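Letter by letter, the chains look like this.
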Amino acid sequence: MSSNNKIIFINTKVIFHKFTRLLAYSVVLFFIVIDIYPLIFMVFSSFKTNSEFLSNMIALPNALHFENYTNAWRVAKIGRFFVNSVYITSVSIILVLTLSFFASYIFARQKFRIRGLLYTYFIMGMLIPMHAILVPLFLLFSKLNLINKWYTLFLPYTAIGLPYAIYLFESFIKAIPAEIEESAVIDGANNLQTLAGILLPMCKPAIVSVTILVFINIWNDFAIALVLIRDNSFKTIQLGLTNFIGQMATQYTQLMAALFITTVPVLITYFIFQDKLTKGMIAGALKG
Amino acid sequence: MKRLLSTLIAAILVPVVLLALTACGGPTGAQTPDTNAKTVQETGTTQAAQATDGQAKTGKDLKAEISLMHFFVEGDGRFKAEQASLKAFNEKYPGVTVKEEANAVAQHETKMKTLLASNELPDVFTMRTNWTEDFVKTNAINPCDDFLNADPEYKSAFIESFLNIHKYNDKIYSIPFNADYNAIVYYNKALFDKYNLTYPKTWDELLNVVKVFNTNNIIPFAVGNSNPVIIPTSFISTFMDRIAGTEYVKNLVWGDAKWTDGYYAKVLDYCLQLADIGGFNKDFNSLNFSEMPTLYGYEKAAMTSIGNWLAGPIIDNSSKELQAVTEVGLLPSLPDGKGDPNTLDGGSGWGWNINAKLTGDAKEAAINLLKAMTDRFWAKNLVETASMNPVLKNIQFDDKAVSPIISKIIKLPDTISGVTPVFDQVLQPEVEQELEKATQAVMAKSITPDEAAKKVQAVKERVLAK
Amino acid sequence: MMTTGKKNLKLILIYMLPAVVIYSFFSVIPIALAVIYSFFEWTGGRTSGFIWFQNYGELLFNPDFWNAFKNNVIFVIGSCIGQIGIGFIFSLFLISRDFKLKKLFQGALFIPCLMAPLVVGFIWIQVYNSRFGLLYMIFNSLGIDFMLQDWLGNPKIVIYSLLIPHIWQWIGFYVIVFLAAFQALPESVLEVAEIDGATGFKKTKYIIIPLLRDTIKVSLILCISGTMKVFDHIFIMTGGGPGRASEVLSLYVYNNTFTNFRFGYGSAGSVTILIISLGIIYIVKILLTGKEYNV
């Protein structure tokens with residue numbers, strides 16, 4: 001586009017343009033503030049004593065009670081539980097991505113008679129309310145002797161993540177022209193090579209969306225973990241966080257410290273990958 | 001195509017069929033459970049009989065592995081006491097391994113019910129008294145009378161009325177571990193003196209007190225009803241007693257008195273009146289009860305009506321001076337009230353019991369663990385470290401080690417003329433839930449007191465009809 | 001399209017089987033069991049009675065159930081408009097060439113997504129706190145005290161007070177979904193929208209949105225299915241109260257299953273939620289896509 005055109009547009013629309021820009025930036029700033037505020041709130045609160053917190057939650061802490069952090073680490077057994085949450089979530093995500101990628105590929109590219117039925121079969125899984133299956137899940141796992149093992153939680157988490165993943169992947173793959181794979185086949189690649197080498201990299205945005213969605217659902221779950229796990233050695237961090245909730249009172253400030261400790265690594269991980277994975281997405285939307 | 005279809009269908013159906021076969025533990029259960037329960041009971045009795053024959057195994061000989069489940073997480077005031085009791089137990093019975101699991105109370109309830117549904121309860125556990133009926137009907141628990149009677153020294157330590165609260169069909173089905181007095185009014189005597197007020201004993205005196213405090217920008221009652229059990233437990237239960245008398249309340253809970261008889265609606269009217277004239281903080285329906293101690297502690301509120309179970313947080317939030325001037329009193333009498341104004345609603349909402357399926361050494365170990373969680377050692381720690389009332393008689397504790405508030409609360413039961421039931425401890429869970437939600441709706445002015453009464457009565461009738 | 005020969009059937013089988021097996025076993029069978037339970041009057045353990053559709057009958061005639069349904073519908077409509085609408089607008093900002101603060105904005109938007117409902121609920125309780133909540137502070141300093149409400153205690157507005165954290169939390173996720181979709185669009189289209197500046201709004205409406213129809217459909221379905229199940233943060237913030245003013249379907253089911261010991265009735269509620277959700281999604285699909293292959 002020639003710069004002449006640009007200048008003309010800007011000249012005639014400059015006033016309106018400036019106002020909407022101001023509005024837009026105000027809204028953006030507002031959201032940045034309200035989105036970061038919880039973290040700040042967490043940090044401030046984590047340095048107070050519990051009664052100090054309950055009397056005025058907005059005020060700055062009187063003194064820095066670092067012991068809230070050491071206590072929180074101990075009470076929520078953060079060391080152990082965090083590690084559990086990490087490996088359970090990671091493995092479940094990998095399982096979901098793998099299984100759903102192959103299944104979605106079939107849904108998107110192959111025609112077979114029961115495709116529609118099978119697709120609906122999977123999609124219905126997105127609607128299953130969590131508490132509906134607590135008791136049945138427990139019964140099932142109990143009969144099959146799957147309770148309280150190191151691999152117990154992979155199974156329901158993967159099963160629950162599959163519908164979303166298949167839904168997202170299938171939509172995405174459908175939009176990619178099939179000719180790309182066909183030309184690879186002509187070039188002599190077998191099916192697996194085509195998938196892994198060509199289709200998979202093209203699906204990066206979908207992989208990002210799926211990973212995020214599945215991660216959020218699994219990391220934050222505690223109903224299923226509560227019911228299927230007994231030993232402290234396998235519990236997840238969400239369960240550990242409830243240790244601060246007594247019947248009569250809650251140790252809010254230690255809870256805040258624990259929340260901060262457990263949220264920050266996740267955020268850091270996201271920011272590291274945000275750079276790599278979404279750089280392509282934002283800039284790539286406007287190449288050149 | 002057929003192969004594909006059939007393989008996929010098989011992949012789905014085979015597990016289903018497998019499951020249908022294995023899931024017999026669900027609602028399609030067979031007749032065997034009853035005989036199981038009977039056998040357990042018989043062996044249990046013979047076991048206990050053998051034990052009392054004086055041949056009980058000594059601590060070191062007892063070998064078993066048992067599971068323990070409760071809600072005393074670290075954030076709970078009773079954590080230290082429970083850990084101390086567990087430690088004492090482990091020292092006495094080194095051959096017994098205890099697998100402990102603690103979850104915050106809401107999670108504990110979810111998990112216990114899930115386990116109940118799957119017939120996989122742990123060995124020793126805490127349960128709410130109003131679960132008793134359902135637990136008994138599914139043969140999950142046995143009466144505790146056997147081991148209670150086998151150990152007279154242990155049994156006589158209990159205040160009898162509390163043991164009786166845990167009765168169902170005339171048998172004791174769980175062992176209490178702390179006493180709840182749910183409508184103790186903690187009041188700041190210094191504030192009362194400042195405005196030349198005396199603690200109100202009648203409703204009209206209360207209205208006057210409220211007026212004076214409001215004029216001086218002090219919240220009369222700190223109330224946090226976002227958990228809707230608070231107003232029923234700390235106002236409604238006692239007010240029902242004030243207006244209709246303890247016999248009527250008992251009849252309402254266990255007999256055929258109706259919620260629509262008019263008393264409940266009248267009590268709601270009184271509470272609404274109190275709220276309307278500014279007797280409560282304005283956000284009482286969305287405030288969490290954990291903020292009640294803070295309001296009181298920072299002297300923004302002159303009184304707070306809540307149980308002895310919140311004494312710990314109240315103490316934590318009050319300066320030493322405030323603790324010294326805090327007195328405890330009862331809710332006032334109501335106009336035209338038929339009840340004795342000197343009663344307090346109280347009881348025991350939770351108790352310990354053991355799994356009915358236990359036999360032999362495991363059962364004995366479980367019973368001993370239960371006793372460790374409810375004996376005099378536990379009670380002493382309960383007072384000193386958790387600031388709660390024990391259910392045992394004559395517990396000696398160090399006066400200097402506890403706040404003056406605690407001393408006053410411990411002495412309070414001696415001054416009252418009777419205890420009236422706490423609704424959330426004795427009502428069937430469904431009725432209690434409806435009571436809570438209806439009361440909260442009335443206080444939020446969504447429905448009228450009469451509508452609330454009809455709703456609660458409807459649930460009561462449905463539950464009784466089952 | 002690839003030829004469908006026998007070899008391909010084997011491929012289909014191998015690729016599909018693992019997903020089908022895990023999903024069937026650990027998602028479908030539990031819900032099937034729940035369906036079975038819904039036909040019983042079951043209070044746990046082994047006592048039960050087969051009561052046909054009685055649970056469903058009771059459910060459908062229970063005003064509390066419909067109250068929860070109404071609350072859910074408000075939630076779904078509000079969430080879809082809020083999460084997807086705002087998410088879409090923000091994604092437009094983010095692909096705008098001369099927009100500064102891109103990384104900061106996108107990062108900040110995403111933070112709420114990662115927070116556990118426990119945290120979200122708790123933080124927003126503090127925002128709404130009448131004595132020192134954030135809203136109180138803001139209204140106070142702006143001098144508009146009279147507009148202060150008991151945000152979570154007023155039964156007329158509580159459901160809307162609860163809607164806001166839910167929208168706030170998920171905007172960031174839909175921003176990412178739309179960004180992913182934009183990447184798949186041909187560049188020329190986006191350049192046209194970008195350079196036209198202010199009039200870009202109209203170009204957006206007539207060019208971009210139709211191209212994104214599929215993504216919007218996907219987002220709607222994700223949003224509806226997620227919001228029909230909403231539970232955690234409402235549980236923490238109001239427990240469904242005051243009274244039943246903010247009770248949603250999943251809370252209603254939870255209360256009946258775990259508090260009231262009525263596993264059969266609760267299961268019937270869950271199955272009904274499932275059917276209703278399916279119905280809503282089906283309607284949405286029809287409205288948006290007319291006739292496409294299969295679902």
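Sequence order as written defines residue numbering, which begins from 1 separately in each chain. Labels follow written order: the first chain is A, the first ligand is 1, and so on. Predicted model: local features are reported for residues with pLDDT of at least 70 only, side-chain atom pairs are reported and counted for 80 or more only, and whole-chain, interface and lining totals are derived from all residues. The basis for the side-chain values is all heavy atoms of the structure; hydrogens and waters are excluded.

A. Structural context of the overall build of chain A. The number of helices and strands found in chain A is 13 helices and zero strands. When accessible area is computed with a 1.4 Å probe and restricted to protein chains, residues below 20% of their type maximum are described as buried, those above 50% as exposed, and intermediate ones as partly exposed. Counting over 288 residues, chain A shows a buried share of 58%. Once local pairs closer than 6 in sequence are excluded, the contacts in chain A between residues at least 24 apart make up 73%. Element-wise, carbon and sulfur atoms account for 70% of the exposed surface of chain A, whose accessible area totals about 11,800 Å². Elements are defined by DSSP. Helices are runs of H or I of four residues or more, strands are runs of E of two residues or more, and each kind is numbered from the N terminus. Contacts are assigned to residue pairs with any non-hydrogen atoms lying within 4.5 Å of each other. In short, Shrake-Rupley with a 1.4 Å probe defines the accessible areas, and a residue's cover is counted only from the protein chains shown.

B. Up close: the packing of helix α13 (residues 263–276) of chain B against helix α22 (residues 449–465) of chain B. Residue and element names in this part refer to chain B. Closest axis-to-axis distance for the α13/α22 pair is 9 Å, and the angle between their directions is 135°. Compared by their axis directions, α13 and α22 come out oblique. Handedness of the α13/α22 crossing: right-handed. Here Tyr-264, Ala-265, Leu-268, Asp-269 and Leu-272 of α13 come into contact with α22, specifically with Pro-449, Asp-450, Ala-452, Ala-453 and Val-456. All axes are obtained by fitting lines to C-alpha atoms, using only the stretch in contact for helices, and the reported angles, taken between N-to-C directions, cover 0 to 180 degrees. Comment on the angle field: the value is read as roughly parallel under 35 degrees, roughly antiparallel over 145, roughly perpendicular from 65 to 115, and oblique elsewhere. Left-handed describes a crossing whose near helix is turned anticlockwise from the far helix through less than a right angle; right-handed describes the clockwise counterpart.

C. Region of the structure containing the interface of chain B and chain A. Counting from both sides, the interface comprises 43 residues of chain B and, opposite them, 36 residues of chain A. Summed over both sides, the interface between chain B and chain A buries roughly 3,400 Å², with carbon and sulfur atoms accounting for 63% of that surface. Any Lys or Arg side-chain nitrogen located within 4 Å of an Asp or Glu carboxyl oxygen qualifies as a salt bridge. Applying the counting criterion to the chain B and chain A interface returns three salt bridges. Across the pair Lys-235 of chain A and Glu-101 of chain B runs a salt bridge, and its minimum N-O distance is 3.8 Å. In the analysis that follows, any N or O atom pair within 3.5 Å is treated as a polar contact, provided that within protein one partner can donate a hydrogen and the other can accept it, and provided that, for residues neighboring in sequence, both atoms belong to side chains. At the junction of chain B with chain A, the criterion picks out seven residue pairs in polar contact (both at pLDDT 80 or more). Those elements giving two or more residues to the side of chain B that touches chain A turn out to be α1 (2–22), β2 (96–102), α4 (105–117) and α15 (311–317) of chain B. Residue type decides the class: Asp, Glu, Lys and Arg count as charged, Ala, Val, Leu, Ile, Met, Phe, Trp, Tyr, Cys and Pro as nonpolar, and the leftover types, Gly among them, as polar. Grouping the constituent residues of the side of chain B that touches chain A by class yields 22 nonpolar, 12 polar and nine charged. Defined in terms of a 1.4 Å probe, buried area is the accessible area two parts forfeit on being brought together, summed over both.

D. Structural context of the sheet that holds strand β12 (residues 343–347) of chain B. The three strands lie next to each other as β7-β12-β14 (chain B), forming an open sheet whose pairing is mixed. Every other strand in the sheet has two partners, leaving β7 (180–181) and β14 (418–420) of chain B as the edge strands with one partner each. Strand pairing is defined by DSSP finding a minimum of two bridges between the two strands.

E. Layout of the confidence of the model for chain C. Residues and elements named next belong to chain C. Values of pLDDT, ranging from 0 to 100, describe the predictor's confidence in every residue of the model. In the predicted model, chain C carries a mean pLDDT of 82, and the fraction of residues at 70 or more is 86%. Per-element mean pLDDT across chain C ranges from 63 in helix α8 (residues 187–195) up to 91 in helix α3 (residues 63–95). Here residues 291–295 is a poorly scored stretch, pLDDT under 50, and it has 12 contacts once near neighbours within four places are set aside; other chains count. Confidence metrics for the complex model read pTM 0.82 and ipTM 0.81.

F. Expanded view of the interface of chain A and chain C. Contact with chain A, which involves 109 residues of that partner, is made by 100 residues of chain C. Both sides together, the interface formed by chain A and chain C hides about 9,900 Å², and carbon and sulfur atoms give 76% of it. On the surface where chain A and chain C come into contact, there are zero salt bridges. There are nine residue pairs in polar contact (both at pLDDT 80 or more) connecting chain A and chain C.

G. Just the pairing of strand β1 (residues 64–70) of chain B, in detail. Residue and element names in this part refer to chain B. Among the seven residues of β1, six are classified as buried, and the element is accordingly described as predominantly covered. Looking at chain direction, β1 and β2 are connected through seven bridges and run parallel. Looking across to β2, one finds that Glu-65 is bridged to Thr-97. Handedness rule for crossovers: strands pointing away from the viewer, path from the first strand over the helix to the second running clockwise, crossover right-handed. Since β1 and β2 lie parallel, the crossover through helix α3 (residues 79–92) that links them has a hand, and here it is right-handed. Judged from the two bridges that link them, β1 and strand β3 (residues 124–128) form a sheet pairing that is parallel.

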